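# Overview (structure and organization)
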Amino acid sequence: MREWKQAVLALALPLGLVAVTPRGLLAQPAPPGDVQVRARVEALLAQMTLEEKAGQLTQAGQLTQAGGIAFGEIPPPEEALRKGGAGSVLWVNDTKRFNALQKIAVEESRLKIPILFGLDVIHGYHTIFPIPLGMAASWDPSVHERAAEIAAQEARAVGLHWTFAPMVDIARDARWGRIAEGAGEDPYLGAAMAAAQVRGFQGPYLGAPDRLLACAKHFAAYGAADGGRDYDPVYVSEGQLRNVYFPPFAAAAKAGVGSFMSAYMDLNDVPAAANPWLLRDVLRGEWGFSGLVVSDALAVRNLVTQGFARDGKDAAARALVAGLDMDMASGAYARNLAALVREGTLREAQLDEAVRRVLAVKVRLGIFEQPYTDEARAASVLADPQHRVQARRAAQRSMVLLRNEKKLLPLPQSLTSVAVIGPLADSKAATEGSWMVFGHVPAAVTVLEGVQARLKNARVTHAPGPEIRREVPSFFEDFMPELKKPEQTKEQADAAFQQALETARGGDLVIAVMGELANMSGEGASRASLDLPGRQEELLRAIVGLGKPVVLVLMGGRPLSIAWAAENVPAILEAWQPGTEGGHAVADVLFGDVNPGGKLPVTFPRNAGHAPLYYARNLTHQPEGSRRYRSRYWDGPTTPLYPFGFGLSYTTFSYSNLKLGAPELKVGAGAMVSVDVTNGGSVVGDEVVQLYVHQKSGSDSRPVRELKGFRRIELKPGETQTLTFPLGPEELRYWSTSQKRWLQDAAAFDVWVGGDSTAALHAELSVVP
Ligand code: BGC
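Our subject in this report is the structure included herewith. (Residues numbered from 1 in each chain as written. Predicted model: local features only at pLDDT ≥ 70, side-chain atom pairs only at ≥ 80, totals over all residues. Heavy atoms only, no water.)

## Examining the overall build of the protein
Our working rule: Each helix corresponds to a stretch of at least 4 residues labelled H or I by DSSP, and each strand to a stretch of at least 2 residues labelled E; elements are numbered beginning at the N terminus. Two things to know: the radius of gyration comes from C-alpha atoms, and the globule rule equals 2.2 Å times the number of residues to the power 0.38. Residue burial is assigned from relative accessible area. The probe radius is 1.4 Å, only protein chains are included, and a residue is buried under 20% of its type maximum, exposed over 50%, and partly exposed in between. Here, two residues are considered to be in contact whenever any of their heavy atoms come within 4.5 Å of each other. Counted as positive: Lys and Arg. Counted as negative: Asp and Glu, with His and the chain ends omitted from the count. Charged groups are reduced to one reference atom each: NZ for lysine, CZ for arginine, CG for aspartic acid, CD for glutamic acid.
The number of helices and strands found in the protein is 25 helices and 30 strands. For 769 residues, the compact-globule estimate of 2.2 N^0.38 gives 27 Å, and the protein sits close to it at 27 Å. Overall, the protein is about 75 × 70 × 65 Å in size when its C-alpha atoms are taken along their principal axes. Considering the protein as a whole, with its 769 residues, one finds that 61% of them fall into the buried category. Across the protein, contacts joining residues at least 24 apart in sequence account for 77% of those joining residues at least 6 apart. Separation between the mean location of the 79 positive side-chain charges and that of the 83 negative ones in the protein comes to 2 Å.

If you want it as structure tokens, here you go:
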């Protein structure tokens, strides 16, 4: 930087006239300091009526059958905003509408407090990245961070301030539809991905230009729903909460996330939205979280439906007292809070505490200074070609090669005739996946298009086969009628089956693109089976029966039980729901431009009856695999189809020289673990090096393995790299159920390093008092 610039900066920075961001200098105010924020908040609070306070704690939004938005639960938006009756609005996705609503708030309401606009920007706004489960399969937090940054830039340009992401729920049951939205089963990987997304969405500080307020959701343990049934109650011990379900939330809080969303369900019989232990004792008390807590949609009112609160008034009072600041769309706060104070059930100071948090977020985000959005700017931000480049890279890095017999992959460029078969092969919606913002029109490059673009001179044919559909429609269809489609008749389906088989017969090689549609995972999308839906397996079996080489590209939002394919289809690539550039990224991997290096962030069960199945379970008195207990089930193996952390490559890696800096450690001390990783093949490849530990005895029983370190590295053919990982109190402590506290035991530990959760290279560490 030139000297004059430094001089100007030295003067301007402390005065708050400019901000320094990773991209350089921005001629806009630096973030206000705590003292400034407090002063501004208190000045406003002193002027507010009880109704205005309840308004700031109200998020307005009511979806209608027609797909629009009305405000049925509270007065119509214009009227509500004019009276200061809503502090935030959700489910609007239109710059003009944002500005029109904002104008009422900042020009016509008494206190002129701007509205915070929120929406679910989960894996992209306009440029769609792989679903979060796919992003976790990259085992590369920097890719997730960049994706969140781009999503934030696009969403902010349109006028949004707040995204209800990241979803950081640990999910160990593949039947649960929302497994697609998170980082999978592991708290360590989940924590890394949670923090990365917070950094990406929010940037270096809350209120950084072109970023959003992020929201860690759904606090907490939503993923542990009984039977994998969305919204069902959760019963987990405090030990499991603290060791498994909390770490990604704690990591998000540590990374400075500005908001939390409470979960819907009962947690050990107390709904998360009105759970003082969760929202006050743990979140604020232990973690020192000072941001804003919002409910999940309609959750406050639904405390009555849930059989917890007597009526709306009781629900509002109990949620607020429990530490829930903002009511998402239920109207229970708007209707009841002022009356509750007047009748003496609540103290005004209890409202003030929550209002302060809402106002502080607004001040920090800078929306008092810049309430409006430049309607002309969004188009150029959305069209930034770099966004697609990054989406393609993220999709490439998310893909996991599950099988590759006789090195069928990568495919040769010389192919002259390829049949691309399956209901997902040319579906833009399925390629983008679940959770699109309202009004988004899927525009993904499909696998068919990706292969066509790659093989310009070959004959690339396509047939979808019989359609697949949910047996029970998604509730999203009520809001998005365009999702509704007439059902295929039996005759049409049979004809489509035959046509797909004939098309496959005509190709020298078949790429079958099968799995789940976008609406088969996500919210309200739990399943009792994990099989390929519809007649896909039947078609796959018939295609394999033709005797041609077949590649299965799996698309979907959860592990699928593809036990037959795992034995009979020579090459299988898990592509998840890969987003806008998905088809290109699949082709990049299939044809070897990119060597797949993703690894599974979830265990693949053989069968839905195995769920929940995860690697970090405890031992038993009869460890499975022993002669007498070869399997827990008498009707098949208990072992997963594919273990956590698993993924193949076009090259092979070997591990050697596992060394502990010290074979013996005192409690509280740390040592480094080192290992050599070698690329033994003939192509460049990425490996995700994973470190697992097992505490062999102690105050509590501990899981048979736990991930405690990972790194994705690239190795040239023949290259060896030495990697080191820290192993100390951070990695070895846990929350003990028997002692009711965090502790580190003096105990012996197994240490393994390798390419998945079955890694064999072993060392033993002894921790002494
Ligand atoms: C979901 C949340 C989401 C909210 C707002 C709820 O149904 O559970 O994840 O953020 O809707 O759209």
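## What to know about the packing of helix α8 (residues 187–202) against helix α10 (residues 247–254)
Quick reminder of the rule: Lines fitted to the C-alpha atoms define the axes, with helices restricted to the stretch that makes contact. Angles between their N-to-C directions range from 0 to 180 degrees. With respect to orientation, any angle under 35 degrees is reported as roughly parallel, any angle over 145 as roughly antiparallel, any angle of 65 to 115 as roughly perpendicular, and every other angle as oblique. The crossing is said to be left-handed when, going from far helix to near helix, the turn is anticlockwise and less than a right angle, and right-handed when the turn is clockwise. Residues were grouped as follows: Ala, Val, Leu, Ile, Met, Phe, Trp, Tyr, Cys and Pro as nonpolar; Asp, Glu, Lys and Arg as charged; and all remaining residues, including Gly, as polar.
Across the interface, α8 lies against α10 with an axial gap of 8 Å and an inter-helix angle of 30 degrees. Relative to α10, the element α8 lies roughly parallel. Helix-helix and strand crossings are classified by hand; for α8 and α10 the assignment is right-handed. Taken together, the residues of α10 that come into contact with α8 (itself represented by P187, G190, A191, A194, A195 and V198) are P247, P248, A251 and A252. Looking at side-chain class alone, the contact of α8 with α10 contains 9 nonpolar, 1 polar and no charged residues.

## Quick notes on unusual backbone geometry
Looking along the chain, the bond that leaves K217 and enters H218 is cis, with omega of -5 degrees. With respect to the helices and strands, H218 occurs in strand β9 (residues 215–219). In this chain, A611 is followed by P612 through a cis amide linkage whose omega measures -5 degrees. You can see P612 is positioned in the loop between α24 (582–590) and β21 (653–660). Within the chain, Y231 stands out as a residue other than glycine whose phi angle is a positive 80 degrees. Tracing the sequence through the fold places Y231 in the loop between β9 and α9 (238–245). Exposure remark for Y231: the relative accessible area of 36% places this residue in the partly exposed category. Phi at A329 takes a positive value of approximately 70 degrees, unusual for a residue other than glycine. Relative to the helices and strands, A329 resides in the loop between β14 (327–328) and α14 (332–342). With relative accessibility at 2%, the residue A329 sits in the buried group.

## Some details on the site of the ligand
The test is simple: The rule for a residue being near a molecule or strand is that one of its heavy atoms must lie within 4 Å of it. Any pair of N or O atoms that falls within 3.5 Å is considered a polar contact. Within protein, one atom must be able to donate a hydrogen and the other to accept it, and sequence-neighbouring residues count only if both atoms are side-chain atoms.
Surveying the vicinity of the ligand reveals 13 residues, the closest of which are D120, R178, K217, H218 and D296. Interatomic distance of 2.9 Å between a side-chain N/O atom of W91 and an oxygen atom of the ligand. Between D120 and the ligand, the recorded distance is 2.4 Å, taken from a side-chain N or O atom to an oxygen atom. Split into classes, the residues belonging to the shell around the ligand amount to 7 nonpolar, 1 polar and 5 charged.

## Quick look at the pattern of salt bridges
Pairing between side chains of opposite charge can happen when the charged atoms of each approach one another. As a reminder of what qualifies: For this analysis, a salt bridge means a side-chain nitrogen from Lys or Arg found within 4 Å of a carboxyl oxygen belonging to Asp or Glu.
Summed over the entire model, instances satisfying the criterion amount to 47 salt bridges. Between K53 and D352 there is a salt bridge whose closest N-O contact spans 2.7 Å. Remark: D352 occurs in helix α15 (residues 348–365) and K53 occurs in helix α3 (residues 50–56); sequence separation between them is 299 residues. In this structure K53 comes out as buried when scored by relative accessible area, which is 3%. D352 sits in the buried class, given a relative accessible area of 13%. The salt bridge partner of R357 is D325, with a shortest N-O separation of 2.6 Å. Separated by 32 residues along the polypeptide, R357 in helix α15 and D325 in the loop between α13 (312–322) and β14 bring together distant segments of the chain. According to the relative accessible area criterion, R357 is buried, its value standing at 13%. Judged by its relative accessible area of 1%, D325 is buried. Residues joined in a network through salt bridges with shared partners are R280, R284, D325, E353 and R357.

## So, the nonpolar core
Cut-off, in case you're wondering: What is meant by a nonpolar core is a set of buried Ala, Val, Leu, Ile, Met, Phe, Trp, Tyr and Cys residues, joined one to another through side-chain atoms within 4.5 Å.
Judged by nonpolar contacts, the single largest core of 164 residues is most densely connected at F219, F260, L337, L402, L540, I562 and Y642. If you tally residues by element for this core, the top one is α15, at 9 residues. With sequence-adjacent residues up to four places away left out, F260 is seen in contact with C215, A216, F219, F249, A253, L283, W287, F289, L292, V293 and V294. Among the nonpolar cores identified, the runner-up in size contains 38 residues, and A395, L408, L409 and V460 belong to it.

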